[in-house]
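Overview (structure and organization)
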Amino acid sequence: LIALALLGGAQSLSDILRTGQCLSQPQRRQLGLRLKKGTRFYAVPGYHVYRDVLAALDLDAFAAVLTDWLQQPDGLLPKTLALDGKTIRDSLGCILSLVDQETGIPVALKAAPGKGHELSTAQELLADPRVELAGCTVTADALHCQTETAQILTQLKGADYVLQIKDNQPTLAQRAETVLNLDTPFLSTSTAPAVASKFVP
C-alpha cells in the first residue's frame, strides 16, 4: 500500500492513508487485505499502523533488498550515475543513492545512521560487491572528493569519476584551476576560473 501510494505521488502519511481508503473492495482483495471480522468488508490500515511500520523499518536491510532487486535486469548499471545522500526526516536517517542520470531512477541504495555518516556509507555502497560499476562514470558533490572514494571507483570497480571541488580542499582546488587554465579550449578566459574551481576531470 505504501509503495502504491508513493508511485501515485503521495508526499505524506496522510496521502498514503487516503490512497488506501480510496481503493475499491475488489482492489483491496487483490492486494491481499483481510476481511474485517464478521463482515465481507476488506479493511485498510489506519494512520498509526503506517506510522509504526515506517518507524520500525530497518532502512539498511530494506536498502539492501532494493539494491538486489534493482541490479537484476541486466547485471550492469547505466553508464553515468550520480551519488547523493538525502535525509529522510530526522528520525528516519539518511539514504545514499546511486541514480541513473538520464532517467533519475535509483539503481543502488544504502542507509546511513545520519548525515554525519554520509561519506563512509557512500564508500561502503560503492565498494559493495553487488554493485557493478565497471565502465561507469560516477559523479558526486564535494563531500565525496576524497582519495579513498576515487580509489574505490578506479582501482576496485574499474569506473571513472567526476567529483566536485570546493574550498574545503583549497590546495586541490587551486591545482585543478591551474591545470585547467593551461589548456581550456572550451572555456573563455572570463569563465575558466569559476568552472575550474568547481570541477576536475
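Please read these numbers as outputs of a predicted model, since none were measured by experiment.

Analysis parameters
Residues numbered from 1 in each chain as written. Predicted model: local features only at pLDDT ≥ 70, side-chain atom pairs only at ≥ 80, totals over all residues. Heavy atoms only, no water. Helix = DSSP H or I, 4+ residues; strand = E, 2+ residues; numbered from the N terminus. Buried < 20%, exposed > 50% of the residue type's maximum accessible area, 1.4 Å probe, protein only. Contact = heavy atoms within 4.5 Å. Right-handed = clockwise from strand over helix to strand, strands pointing away. Core = buried A, V, L, I, M, F, W, Y, C linked by side-chain atoms within 4.5 Å. Axes fitted to C-alpha atoms, helices over the stretch in contact; angles between N-to-C directions. Parallel < 35°, antiparallel > 145°, perpendicular 65-115°, else oblique. Left-handed = near helix turned anticlockwise from the far one by under 90°. Nonpolar A, V, L, I, M, F, W, Y, C, P; charged D, E, K, R; others polar.

The subject of this paragraph is the overall build of the protein chain. Across its full length, the protein chain carries nine helices and six strands. Across the 201 residues in the protein chain, those meeting the buried criterion constitute 30%. Here the contacts in the protein chain between residues at least 6 apart in sequence split such that 49% fall between residues at least 24 apart.

Side-chain alternation along strand β4 (residues 137-140) places Val138 and Ala140 on a buried face and Thr137 and Thr139 on a face that remains uncovered. Considered for its hand, the β-α-β crossover made up of β4, helix α7 (residues 147-156) and strand β5 (residues 160-164) is right-handed.

Leu83, Leu96, Leu98, Leu125, Leu126 and Leu133 are the most contacted members of the largest nonpolar core, which has 24 residues in total. Mapped by element, the contributors of at least two residues to this core are β1 (80-87), β2 (94-100), β3 (106-112), α6 (118-127), β4, α7 and α8 (170-182). Core analysis: the second largest hydrophobic core is formed by six residues, Leu13, Ile16, Leu17 and Tyr50 among them.

Quick look at the packing of helix α2 (residues 13-21) against helix α4 (residues 47-56) now. α4 packs onto α2 with a crossing angle of 125 degrees between their chain directions and a minimal axis gap of 9 Å. Here α4 runs oblique to α2, going by the angle between their axes. In this structure, the crossing between α2 and α4 has a hand that is right-handed. In this structure, α2 contributes Leu13, Ser14, Ile16 and Leu17 to the contact, and α4 contributes Tyr47, Tyr50, Arg51 and Leu54. When the residues that make up the contact of α2 with α4 are grouped by side-chain class, the tally is six nonpolar, one polar and one charged.

The contact between α6 and α7 brings their axes to 10 Å, and the two run at 5 degrees. Between α6 and α7, the crossing angle belongs to the class labelled roughly parallel. When α6 is examined against α7, the residues Leu119, Gln123, Leu126 and Ala127 are found in contact with a partner set consisting of Glu148, Thr149, Ile152, Leu153 and Leu156. The residue inventory of the contact of α6 with α7, partitioned by class, reads six nonpolar, two polar and one charged.

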